[in-house]
Amino acid sequence: MGDLRKVSGKEIACAIGKTPPAITYMKKQNYIEFLFIKLGYLCNRLDLDEDDLVAMYKLKRIRLKTIAQG
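Residues numbered from 1 in each chain as written. Predicted model: local features only at pLDDT ≥ 70, side-chain atom pairs only at ≥ 80, totals over all residues. Heavy atoms only, no water.

Q: Honestly, the overall build of the protein in this entry has me stumped. Any pointers?
A: Across its full length, the protein carries four helices and zero strands. Sequence-ordered secondary structure for the protein, helices as α and strands as β, is α-α-α-α. Here the C-alpha radius of gyration of the protein, 15 Å, is well above what a compact globule of 70 residues would show, namely 11 Å. Along the first, second and third principal axes, the C-alpha atoms of the protein reach 50 × 25 × 20 Å. Expressed as a percentage of the 70 residues in the protein, the buried residues total 14%. By sequence separation, contacts in the protein at least 24 residues apart represent 50% of the contacts at least 6 residues apart. Each charge class in the protein can be summarised by its mean position, and for the 13 positive and 8 negative side chains these summaries are 10 Å apart. (Helix = DSSP H or I, 4+ residues; strand = E, 2+ residues; numbered from the N terminus. Rg over C-alpha atoms; globule rule 2.2 N^0.38 Å. Buried < 20%, exposed > 50% of the residue type's maximum accessible area, 1.4 Å probe, protein only. Contact = heavy atoms within 4.5 Å. Lys, Arg positive; Asp, Glu negative; His and termini not counted. Charge placed at Lys NZ, Arg CZ, Asp CG, Glu CD.)

Okay, structure coming up:
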């Protein structure tokens, strides 16, 4: 599957029906929107739903509490 952070603009563009230059423009002009679209693309690619994301968030919080406690 490779490094998931390295998703090409071409992949995202194809997935959402935009052109690669439109994705490049969005990345430069509205980076937050770009990150949300990239996150959505990755969730779709990894077959993650809202419940999966909530579970990962809870596990991360538990781990952080465990580390903080010693």
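Having put the structure on the table, let's press on.
Q: Whenever I open this one, the nonpolar core confuses me. Can you help?
A: Within soluble globular proteins, side chains that are nonpolar generally end up buried alongside one another. Among the nonpolar cores identified, the biggest contains eight residues, and these are Val7, Ile12, Ala13, Ile23, Met26, Phe34, Tyr41 and Leu42. At the level of secondary structure, the elements contributing two or more residues to this core comprise α1 (9-16), α2 (20-29) and α3 (31-45). The greatest single-element share of this core, amounting to three residues, is contributed by α3. (Core = buried A, V, L, I, M, F, W, Y, C linked by side-chain atoms within 4.5 Å.)

Q: I keep staring at the confidence of the model for the protein and nothing clicks. Help me out?
A: For any part of a model where pLDDT is low, the fine detail of the predicted coordinates should not be relied upon. Of all residues in the protein, 91% attain a pLDDT of 70 or more, and the chain-wide mean is 90. Taken element by element, the predicted model of the protein shows its lowest mean pLDDT in helix α4 (residues 50-69) (88) and its highest in α2 (96). (pLDDT = per-residue confidence, 0-100.)

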